[in-house]
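Close look at the chain arrangement
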Amino acid sequence: MGPQYTRIMAKITRPQRAKPAPVRSPAKKAAKAAPKTAPKTAAKAPKTAANAKTVPKTPARAVKKALKAAKPWTPAEIREAFSRFAASNPEPKGELEHLNPYTLLVAVVLSAQATDAGVNKATRPLFAVADTPQKMIALGEEQLRDYIKTIGLYRTKAKNVIALSQKLISEFGGEVPRTRAELESLPGAGRKTANVVLNMAFGEHTMAVDTHVFRVGNRTGLAPGKTPLEVELGLEKVIPAEFMLHAHHWLILHGRYTCLARKPRCELCLIKDLCRWPEKTA
């Protein structure tokens, strides 16, 4: 048997060319050289008076619960509250401008879902030409709309004013009636309208509950209620008769200028020491 040979395959290697070093910009070099220990997110700044968040308000449910648990006002406290209102403003006036009971009635009907200032701006020229039911009908619904078109729901209100003027002539001899039931029977007039007219035009001891009176009655704990009627009856029950003529004006003005809906001005409140609201600001 002849000699065996093992084949050896030579591996041919070729010299590799050196790869050029990547060129980095100075900015990239600096970024790579920077230590990697820095946190990815900036540290939160400590809370200070300047950046601290406002303390959240007490939930409405808790406020209602606290008001419900509060002691009712005593007769002496109620008398003291209205004595202060009387001393501060002996003769409060409603802010709706009018010339007679009829124009007062019209102004109150127009004031639904509108501001007194907006109504006054529209009724000044209107009442100069139509201050009686007869003159209003002669003016006509179309021209009436032109006078009050800056007031919300002016088309419906114009229709109601013409209709109530016709009813005053046909059923009440052109005069504004003096009972709540008769006033409420007029187009566009409800219980609040009737109470305002009875109080301001005829001196009746009525309590007209608008959004301001409703808020004050509930927030202070003076006469809490779920509906305007509940608040109205509650206030009539507790307010001494000697204050009832002006009571609704005092409460309206208090709610409009002091006991504001979003941010009550407790620092100016005449009755803050008597008020039961748990979130007083002063």
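Note that the coordinates shown come from a computational prediction; the quantities given were computed from them, not determined experimentally. (Residues numbered from 1 in each chain as written. Predicted model: local features only at pLDDT ≥ 70, side-chain atom pairs only at ≥ 80, totals over all residues. Heavy atoms only, no water.)

**Comments concerning empty space enclosed by the protein**
Put simply, the rule is: With a 1 Å grid laid over protein atoms only, a set of points is called a cavity when a 1.4 Å probe fits there but cannot get out and a pocket when it is open yet has protein on both sides within 12 Å along at least five of seven lines; lining residues have an atom within 4 Å of a point. Grid points are joined across faces, edges and corners, and a volume is the space filled by probe spheres set on the points. Nonpolar residues are Ala, Val, Leu, Ile, Met, Phe, Trp, Tyr, Cys and Pro. Charged residues are Asp, Glu, Lys and Arg, and all others, Gly as well, are polar.
Taken as a whole and judged by the stated rule, the model has one cavity of 30 Å³ or more. Here the residues of the lining of the largest cavity sort into six nonpolar, three polar and four charged.

**Observations concerning helix H8 (residues 154–172)**
Operational definition: Helical segments are the DSSP runs of H or I of at least four residues, strand segments are the runs of E of at least two, and each set is numbered from the N terminus. Multiply 1.5 Å by the residue count of a helix minus one, and that product is the helix's expected span. Exposure classes here rest on a 1.4 Å probe applied to the protein chains alone. A residue is buried below 20% of its type maximum, exposed above 50%, and partly exposed in between. Here, residues are in contact when the closest pair of their heavy atoms is within 4.5 Å.
The end-to-end C-alpha separation of H8 is 25 Å, in line with the 27 Å expected for 19 residues at 1.5 Å each. For H8, every residue scored as buried is listed here: Lys-157, Ala-158, Val-161, Ile-162, Leu-164, Ser-165, Lys-167, Leu-168 and Phe-172. Packing partners of the buried residues in H8 comprise helix H4 (101–110), helix H6 (133–139), helix H7 (141–148) and helix H9 (180–184). Positive backbone phi, at 65 degrees, marks Gly-173, one or two positions downstream of H8.

**Some words on the nonpolar core**
Quick reminder of the rule: Nine residue types can take part in a nonpolar core, namely buried Ala, Val, Leu, Ile, Met, Phe, Trp, Tyr and Cys, and a core is a set of them joined through side-chain atoms within 4.5 Å.
If you look at the biggest cluster of nonpolar residues, it comprises 35 residues, and the most contacted ones within it are Tyr-102, Leu-105, Leu-126, Met-136, Leu-144 and Leu-186. Of all the secondary structure elements, the ones that give two or more residues to this core are H4, helix H5 (116–129), H6, H7, H8 and helix H10 (191–202). For this core, the element with the highest residue contribution is H4, accounting for eight residues. Contact partners of Leu-186, with chain neighbours within four places excluded, come to Leu-105, Leu-164, Lys-167, Leu-168, Phe-172 and Pro-177. Counting residues in hydrophobic clusters, the runner-up holds 24 residues, among them Ile-78, Ala-81, Phe-85 and Ala-223.

**Considerations on the layout of surface pockets**
One number sums up the size of the second largest pocket: a volume of about 430 Å³. Every residue lining the second largest pocket is counted, 24 residues in all, and those nearest its centre are Asp-116, Lys-192, Asp-210, Ile-252 and Arg-256. Of all the secondary-structure elements, those providing two or more residues to the lining of the second largest pocket are H5, H10, helix H11 (211–219) and helix H13 (244–257). The element contributing the most residues to the lining of the second largest pocket is H13, with five residues. For the lining of the second largest pocket, the per-class residue count stands at 10 nonpolar, eight polar and six charged.

**Considerations on the packing of helix H3 (residues 75–88) against H13**
Cut-off, in case you're wondering: Helix axes are fitted only over the stretch in contact, all axes being lines through C-alpha atoms; the angle between N-to-C directions runs from 0 to 180 degrees. Each angle is binned into one of four classes, with values under 35 degrees roughly parallel, values over 145 roughly antiparallel, values of 65 to 115 roughly perpendicular, and all other values oblique.
Here H3 crosses H13 at 80 degrees, and the two axes come no closer than 11 Å. Taken as axis vectors, H3 and H13 run roughly perpendicular relative to one another. Seen from H3, the contacting residues are Phe-82, Phe-85 and Ala-86; seen from H13, they are Ala-247, Trp-250, Leu-251 and His-254.

**Describing the environment of Val-197**
Residue placement: Val-197 occurs in helix H10. Look past the residues within four positions of Val-197 in its chain and what remains in contact with it is Leu-104, Leu-105, Val-176, Leu-183 and Phe-202.

**Here's the deal with the side chain of Glu-232**
Keep this limit in mind: Each polar contact in these results corresponds to two N or O atoms within 3.5 Å; when the atoms are within protein, one needs to be able to donate a hydrogen and the other to accept it, and residues that are neighboring in sequence are counted only if both atoms are side-chain atoms.
By secondary structure assignment, the location of Glu-232 is in helix H12 (residues 228–238). A polar side-chain atom of Glu-232 sits 2.8 Å from a polar atom in the side chain of Arg-191. With residues near it in sequence (within four places) discarded, Glu-232 still touches Arg-180, Arg-191, Asn-195, Met-207 and Val-209.

**Concerning the pattern of salt bridges**
The following threshold applies: One side-chain nitrogen of Lys or Arg within 4 Å of one carboxyl oxygen of Asp or Glu is enough to make a salt bridge.
Scanning the entire structure with this criterion turns up 10 salt bridges. With a closest N to O distance of 2.7 Å, Glu-242 and Arg-79 form a salt bridge. Pair noted here: Glu-242 is in the loop between H12 and H13 and Arg-79 is in helix H3, with a separation of 163 residues, a long-range link. On the accessibility criterion, Arg-79 (38% relative accessible area) is partly exposed. For Asp-273, the salt bridge is made with Arg-84, and the minimal N-O distance between the two is 2.7 Å. Placement of the pair is Asp-273 in the segment after H13 and Arg-84 in helix H3, with a sequence separation of 189 residues.

**Details of the packing of aromatic side chains**
Spelled out, the test is: Put simply, two rings from Phe, Tyr or Trp (the six-membered ring, in Trp's case) pair if the centres are within 6.5 Å, and we call them stacked under 30 degrees between planes, edge-to-face over 60, tilted for the rest. Should the NZ of a Lys or the CZ of an Arg lie within 6 Å of a ring centre and within 35 degrees of the ring normal, that charge is described as sitting over the ring.
Counted by the stated rule, this structure contains four aromatic pairs. A centroid spacing of 5.6 Å and a plane angle of 70 degrees characterise the contact between Phe-82 and Phe-85, whose relative ring orientation is edge-to-face. With Phe-82 and Phe-85 both in helix H3, this residue pair falls three residues apart, about one helical turn. Residue class for Phe-82 comes out buried when judged on its relative accessible area of 1%. Since its relative accessible area comes to 5%, Phe-85 is described here as buried. A network of ring pairs unites the aromatic residues Phe-82, Phe-85, Phe-243 and Trp-250 as a single cluster. Here the basic side chain of Arg-219 rests over the ring of Trp-277, its NZ or CZ set 4.6 Å away from the ring centre.

**Overview of the environment of Leu-186**
Residue placement: Leu-186 occurs in the loop between H9 and H10. Judged by its relative accessible area of 2%, Leu-186 falls in the buried class. In the structure, Leu-186 is positioned 10 residues away from Val-176 in sequence and 9.9 Å away in space, judged by C-alpha atoms.

What is shown is where atoms sit, not what they do.
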